[in-house]
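Structural overview
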Amino acid sequence: MSSLNEISTILSTLRMESDPELAPLFYQFEEFYTQKLYHQLTQSLDIFFQDPKSAPLRLRVYDTFVSKFVDKINQLSVVEFLLLALKNHHNNDESLKYLTLLDENFKAIDEKKQRNDGLKNHKSGSLLISIEKARIYLFKNEPMKARDLLDELEQVLDKQDTTPLRVTNAFYSVNADYYKRKNDFNTFYYTSLLYLSSLPPNEQEITDVNINERKELAYDLSVAALLGDRIYNFGELLQHPIISVLKNDSHYEWLFHLLNALSVGDFNKFDNYIKVQISNIPILAENESFLRQKICLMALVESVFAKNIRTLSFDDISKATHLEFDNVEHLIMKAISLGLLKGIIDQVNQLVSITWVQPRIISGDQITKMKDRLVEWDEQVTILAKKIDAKGKPLWV
């Protein structure tokens, strides 16, 4: 460990070069370090590294100060400080060296503790380092290296009883980046939702700092929901706070409305947005025929949901899905094969009896429809009860 005089000199030099508003923090660093108050020191360092004004000095503070006592403070905090220091560092190879060196330090510290105390560290810091190394491999356009590392990490994480939320969140984040690069819309969609659900409480709110990042993710999630060939339930996305950044964006608000139209099988709104806006996103324009097949399937599911009866004629389905009569049976078989519904097709009488519909998260409007159906059902039961009572009164008496 460095001498107090050396640390004092280092911090004095950094303080003079820092933004004046950050100068008081360097006095705290020296005080807490001298008194060995490492918890308070970690809190002060966190304030420094999170402040945008600290960006020019972060890596030097890590190199000349934080690296001197990594065995004294929480491993995850050390990794966080290094990641923030490397945030605007564009040399990927150098970033990998920093992460590898820190990981080696952690392993040496862990071995020493095990020899002296018989205790083994939880290795959360090393896990987070490996995850971030996989992210850098993606930046370097080396997806195979990233995938191999992520697969190894998945096996380790599956065996752990508990994993810090920060590690889980980073794991889902890098996996989502990988599947985005592979154009795997289905896996990207579900992995990104897991990433959002594992965000630490202090990062869940959408702020001016993360608005651009959240807008990009909301856009990517919307495109994935539209193009995923196994995604036929958009309720979780449409009700997630992240979608609000699209609703408030004049350029991409239509994407939110397109998702809504597709979710309820609204052909009029769907056609309007497809005709006017789809050219703005080439990948959607290229897959217009798939989107039309998708809304036919959603319209079929919505028809089953909206009607009180579970037996539909081919003619009813043809009208609801805007399909030619001859294509109805193929659509029903497609819906059954995708697991959207279960039923029996009567080809002779041209009927389909629905026995099950895939559960889904529903909107406020759909809940209102369910309420109306229950009210109608209650009224019909009341009328039937009165009729039975009137017809059977002589017997009751």
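The structure presented is a predicted model; accordingly, all values stated were derived computationally and were not measured. (Residues numbered from 1 in each chain as written. Predicted model: local features only at pLDDT ≥ 70, side-chain atom pairs only at ≥ 80, totals over all residues. Heavy atoms only, no water.)

Moving on to the overall build of the protein. Counting its secondary structure elements, the protein contains 20 helices and three strands. Along the three orthogonal principal directions, the C-alpha set of the protein runs to about 100 × 60 × 40 Å. A buried classification covers 43% of the 397 residues belonging to the protein. Sequence-distant contacts, at least 24 apart, represent 62% of the contacts inside the protein between residues at least 6 apart. About 22,100 Å² of surface is accessible on the protein, with carbon and sulfur atoms providing 51% of the total. Both charge centroids of the protein, one from 46 positive and one from 55 negative side chains, sit 3 Å from each other. (Helix = DSSP H or I, 4+ residues; strand = E, 2+ residues; numbered from the N terminus. Buried < 20%, exposed > 50% of the residue type's maximum accessible area, 1.4 Å probe, protein only. Contact = heavy atoms within 4.5 Å. Areas by Shrake-Rupley, 256 points an atom, 1.4 Å probe, with all protein chains shown as cover. Lys, Arg positive; Asp, Glu negative; His and termini not counted. Charge placed at Lys NZ, Arg CZ, Asp CG, Glu CD.)

In this section: the pairing of strand 2 (residues 341-346). With six bridges joining them, strand 2 and strand 3 (residues 351-357) adopt antiparallel strand pairing. Counted as the bridge partner of glycine 343 is isoleucine 354 from strand 3. A loop of four residues connects strand 2 with strand 3, the two strands running antiparallel in sequence, and glutamine 350 in this loop sits at a positive phi of about 55 degrees. (Pairing = 2+ DSSP bridges.)

A word on the packing of aromatic side chains. According to the stated counting rule, one finds 16 aromatic pairs in the structure shown. Joined through ring pairs, the aromatic side chains of Phe26, Phe29, Tyr33, Tyr38, Phe48, Phe49, Phe65, Phe69 and Phe81 make up one cluster. (Phe/Tyr/Trp six-rings, centres within 6.5 Å; stacked < 30°, edge-to-face > 60°.)

So, about the domain arrangement of the protein. Examined at the domain level, the protein breaks down into domain 1 (7-87) and domain 2 (363-396). Each of domain 1 and domain 2 has a C-alpha centre, and these two points are 70 Å apart. (Domains from an automatic or database assignment.)

Looking now at empty space enclosed by the protein. Counting across every chain of the model gives two cavities of 30 Å³ or more. Here the largest cavity defines a volume of roughly 50 Å³. Tyr232, Asn233, Met298, Val301, Leu340, Gln358 and Arg360 together form the lining of the largest cavity. Class assignment of the residues belonging to the lining of the largest cavity gives a composition of four nonpolar, two polar and one charged. (1 Å grid on protein atoms, 1.4 Å probe; cavity = no way out; pocket = protein on both sides within 12 Å on 5 of 7 lines; lining within 4 Å. Points joined across faces, edges and corners; volume = space filled by probe spheres on them. Nonpolar A, V, L, I, M, F, W, Y, C, P; charged D, E, K, R; others polar.)

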